[in-house]
Amino acid sequence: MAATSKRKLEELSVDEFLVSGFDSEDECENEEEEETTVSGNREVKRKTKLTAKTQAKNLKKVGKASEHKDQLSRLKQKDPEFYKFLEHNDRSLLNFDDSDSSDDEDSKIHTLPKHLEEASDEDDDDDDEEEEAAPKSKQSRDVIRVTEKMVEQWKEAVQNELSAKLFREIVQAFKAAVATTKGDGVDLGKYKVEDSSVFNALVSFCMRDLFVALQKMLQLKPDKDKKKLVLPSSSPRWQKAQINIKMYLAGLVQLLSCLTEASVVSAVLRHANQMVPYYLCLPKQCRHFLKQLITQWSTGKETVRVLAFLALNKICRHKQDVYLNPVLKQMYIAYVKNCKFTSPSVLPMINFMQRTLTEMYALDTHVSYQHSFIYIRQLAIHLRNAMTMKKKETYQSVYNWQYIHCLYLWCRVLSTLYPSDVLDPLIYPLTQVIVGCVKLVPTARYYPLRMHCVRALTLLSDSTKTFIPVVPFLLEVLQQVDFNKKPGRMSVRPINFAVVLKLSNANLQEKAFRDGLIEQLYDLILEYFHTQACSIGFPELALPAVIQLKAFLKECKVANYCKQIRQLLDKIQENSAHITSRRQKATFSVADRVAVEAWEKLTTEEGTPLTKYYSHWKKLREKEIQLEISGKERMEDLELPEIKRKKMQESKEGDKKEFKDLFESDSASEDESGGVKHKGKEKTGKKKGVSEDDDFLKDLSDMSDEDGEGESDEDDDSGEDSDDVGRRKKSKNSKNKAAKKLSQLDLKELAEGDEDLVEDLEFSDED
């Protein structure tokens, strides 16, 4: 029954179902099942309706253009002739893209707003009020112009007590003052500094008074241990003042970057040195400050460099783990950049950078070993490339000032930090690099570079107590250069080997080259033997040098060179004799190193002849170097003659005095043809091949002619009146006096001269 009733219910329509009864329980259950099916069907229908709507929307988006295209395609089937007509006459009508949609068309169609608003005068008034409000806000935000009176008021207030508000105002004014150094339109903030006097007053006020007032405000007291810094971050008021302190420290760094006057930069650096504890509490500002300090250390004036180094050293000493490694790297790079060119004025600055950078490396030898190993290896790689490739570019990468100064820097570092278990292993590779640099191009043009390398090796050998054979590189020069050869050209100034790496071919021909070379050899040989003067093996060490110096003295014929070398030889032999005499009194064996070191120490304390002479010579040499650095060349040692141009009258009077005896003659009345025809003889004498005496006499006759003209000029200058006849007689008499010295044979030849020439000369005399 349940099945039949269920079947019947399915077959019933809605009206029949409503008419039928609902008494049985089975029917109720069927009804519930039917309701679930109906609800499921409703959901399916709703989903289908939604999909249909979305499809309809998509169809609507096809647009009118696509519908028109469909119509044209149908037209092609219905009426092909008309379609062909359109293709020929109006083809643009048929060209449509499928991408055309109703969205583009809808975007072009103006859509009306839902609510329309009426225009009123109130809207215009509101716009005007907004436009007026903008300048009013600018005016309300207008900057305050700082005056000297305001700066004085701040000074008085700071002396009493520095509050957080007052400190903020001062910092903002300082920021505005620093911003003016940029020269561009920067938002200055609350204050504005226009006058230079106000700028100077404000900056000087901050440099002098602000640090002490800030210390009082933060209630910082100096520690009992003066070497220990008291960081301001330990103050309870640090958090409130931190923002303003950041602003002030950033302004200091910016001010340092903009200033050019050395005195002003020095004043700012002194104040910045006081503010180092504040920089240590702010890492970002400290990094900017270190960067600026390195710039000033490598490029500034002498005082500026010293102050910048003090600040760098102070920061790195108190925070080695954070700042030492990057600071050493940047300082080395700055050193290499600024030693590219060397001159007498730049050389002291390069030496200063070497010494101060050495002090920075001394702060931590382990960090220094990493840097020195890397950079010495880099120098060795450049040298290896030059030795293997043998090209001009690779040679230039070694034979330049930057390479030489880097070698000298590492020699100074290893010498200063000796003894050091960490850095001592680098002595040998550095020595090998320098020796390879000397042997790379062993020509005379690079003798100055050889001298620089020898000086670096001498420093390294003396400080590290390491034997380095330096003298052979110097004695080799004495054998290669021919000092007896006559110089090809003379030079006015001596060659300064301290600021030269390479010589030109013209320099090699000059006398100044050999003079300077002997002087350099004298200095370097003396300096090296001074480092070994107290050694117990000095006689054996000096023996090869003594033999070669004696050989040089036998060959050299230039007295000045022999004098210097002989003096050097005497000092070396005297020191050898002194050491030998002391050794004979020794009672210990050679193998006893402790006794040998004690003997050498005692000898050093007592002194040797060579050490005493060297100390005296060094003082004189340093004075000469200082004169050269200051630009005062040793011109007084050259004894150059002064060249003065004589006046015409003075030269003529001198000629008359010099040839006074030549012009004397007893015969006052001689033919005028005598002197005149001798002038004609000049032309014929050369054809016949006259003797040297005749040529000399001809020159004298020419000079007598000039004297005759000179006498007439003197008469005119003195104001004496003389006619043409008198002048002509004087010239004839002088010529006759010159002819008086001729032999009889010459006089006969002169008598046969051309008379036409006499007429011409007489005519010229009358003119």
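Residues numbered from 1 in each chain as written. Predicted model: local features only at pLDDT ≥ 70, side-chain atom pairs only at ≥ 80, totals over all residues. Heavy atoms only, no water.

(A) Up close: the overall build of the chain. On a plain count of helices and strands, the chain comes out with 35 helices and 2 strands. Here the chain holds 767 residues, and 37% of them are scored as buried. Contacts in the chain between residues at least 24 apart in sequence constitute 71% of all its contacts with a sequence separation of at least 6. When the accessible surface of the chain is split by element, carbon and sulfur atoms take 51% of a total near 48,500 Å². (Helix = DSSP H or I, 4+ residues; strand = E, 2+ residues; numbered from the N terminus. Buried < 20%, exposed > 50% of the residue type's maximum accessible area, 1.4 Å probe, protein only. Contact = heavy atoms within 4.5 Å. Areas by Shrake-Rupley, 256 points an atom, 1.4 Å probe, with all protein chains shown as cover.)

(B) How the structure looks around the packing of aromatic side chains. For the coordinates displayed, the defined rule picks out 15 aromatic pairs. On the numbers, 6.2 Å between centres and 20° between planes, the contact of Y375 with W410 is stacked. Here Y375 is found in helix 18 (residues 365-389), whereas its partner W410 is found in helix 20 (residues 401-416), with 35 residues between them in sequence. Residue Y375 shares its accessibility class with W410, and that shared class is buried. A connected cluster of aromatic rings, assembled from ring pairs, spans Y332, Y361, Y375 and W410. (Phe/Tyr/Trp six-rings, centres within 6.5 Å; stacked < 30°, edge-to-face > 60°.)

(C) Seen up close, helix 25 (residues 511-531). Taking 1.5 Å as the rise per residue, helix 25 with 21 residues should run 30 Å; its terminal C-alpha atoms sit 31 Å apart, in good agreement. Across the 21 residues that make up helix 25, a large majority, 17, are buried. (Expected span 1.5 Å × (residues − 1).)

(D) Structural detail: the packing of helix 11 (residues 238-258) against helix 12 (residues 262-274). It is the contact of helix 11 with helix 12, at a shortest axis distance of 10 Å, that shows an interaxial angle of 155°. In terms of their interaxial angle, helix 11 and helix 12 are classed as roughly antiparallel. The hand of the helix 11/helix 12 crossing is left-handed. Between helix 11, through Y248, L252, L255 and L256, and helix 12, the contact on the second element is made entirely by V265, V268, L269 and H271. Across the contact of helix 11 with helix 12, the residue classes tally to 7 nonpolar, 1 polar and no charged. (Axes fitted to C-alpha atoms, helices over the stretch in contact; angles between N-to-C directions. Parallel < 35°, antiparallel > 145°, perpendicular 65-115°, else oblique. Left-handed = near helix turned anticlockwise from the far one by under 90°. Nonpolar A, V, L, I, M, F, W, Y, C, P; charged D, E, K, R; others polar.)

(E) Looking closely at the environment of N560. Secondary-structure assignment places N560 in helix 27 (residues 559-584). The class for N560 is exposed, based on a relative accessible area of 52%. When the C-alpha atoms of N560 and D515 are compared, they prove to be 8.7 Å apart, with 45 residues separating the residues in sequence.

(F) Focus on the environment of T181. Mapped onto the elements, T181 comes out in the loop between helix 9 (164-179) and strand 2 (191-192). On the basis of relative accessible area, T181 is assigned to the partly exposed category, the value being 28%. Contact partners of T181, with chain neighbours within four places excluded, come to F199, Q254, L255 and C258. At 2.4 Å, the side chain of T181 forms a polar contact with the backbone oxygen of V178. (Polar contact = N/O pair within 3.5 Å; in protein donor to acceptor, adjacent residues only side chain to side chain.)

(G) Inspection of unusual backbone geometry at higher detail. For the bond from Y418 to P419, the omega torsion is -5°, close enough to zero to count as cis. Tracing the chain through its elements places P419 in the loop between helix 20 and helix 21 (427-440). Phi angles above zero are rare outside glycine, and K465 is one such case at about 55°. Assignment of secondary structure puts K465 in the loop between helix 22 (447-464) and helix 23 (471-480). Exposure remark for K465: the relative accessible area of 68% places this residue in the exposed category.

(H) Summary view of the packing of helix 15 (residues 302-318) against helix 17 (residues 347-361). Contact geometry of helix 15 with helix 17 gives a least axis separation of 11 Å together with a crossing angle of 10°. With respect to helix 17, the element helix 15 is oriented roughly parallel. Contact residues: helix 15 offers E302, R305, V306, F309, L312, N313 and C316, while helix 17 offers M349, F352, M353, T356, E359 and M360. When its residues are assigned to classes, the contact of helix 15 with helix 17 shows 8 nonpolar, 2 polar and 3 charged.

(I) Highlighting helix 9. Between its first and last C-alpha, helix 9 extends 22 Å over 16 residues, near the 22 Å set by a 1.5 Å rise per residue. Counting buried residues along helix 9, 12 of its 16 residues qualify, which places the element largely inside the surrounding structure. Along helix 9, the positions that sit buried rather than exposed are L166, F167, E169, I170, V171, Q172, A173, F174, A176, A177, V178 and A179. Those residues of helix 9 that are buried lie in contact with helix 8 (148-160), strand 2, helix 10 (196-217) and helix 11.

(J) Quick look at the state of the cysteines. Taken as a whole and judged by the stated rule, the model has 0 disulfides. You can see C411 has no disulfide; the closest cysteine sulfur is in C453, sitting 8.9 Å from it. Its relative accessible area of 0% is what places C411 among the buried residues. (Disulfide = S-S within 2.5 Å.)

(K) Spatial organisation of a positive patch on the surface. A grouping of K165, R168, K175 and K190 is seen on the molecular surface, where their side chains present a positively charged patch. Here K175 lies in helix 9. (Patch = residues over 30% accessible without salt bridge, like charges linked within 9 Å, V, L, I, M, F, W, Y side chains within 5 Å. Salt bridge = Lys/Arg side-chain N within 4 Å of Asp/Glu carboxyl O. Lys, Arg positive; Asp, Glu negative; His and termini not counted. Charge placed at Lys NZ, Arg CZ, Asp CG, Glu CD.)

(L) View of the environment of V151. On the secondary structure map, V151 appears in helix 8. By relative accessible area, V151 is classed as buried at 1%. Remark: the alpha-carbon pair of V151 and I170, spanning 19 residues in sequence, is separated by 8.7 Å.

(M) Representation of the pattern of salt bridges. Applying the stated rule across the entire model yields 9 salt bridges. Note that K155 and E152 form a salt bridge whose closest N and O atoms lie 3.9 Å from each other. One end of the pair, K155, and the other, E152, are both in helix 8, 3 residues apart, so they sit about a helical turn from each other. Classification of K155 as partly exposed rests on a relative accessible area of 23%. Residue classification places E152 among the partly exposed residues on the basis of a relative accessible area of 43%. Linking D515 and K511 is a salt bridge whose minimum nitrogen-to-oxygen distance equals 3.0 Å. Here the residue D515 and the residue K511 both occupy positions in helix 25, the gap between them amounting to 4 residues, near one helical turn. By relative accessible area, which is 27% here, D515 ends up partly exposed.

(N) A look at the side chain of S576. Structurally, S576 is set in helix 27. Take S576: its relative accessible area is 12%, and that puts it in the buried class. Setting aside its immediate chain neighbours within four residues, S576 contacts F538, P539 and A542.

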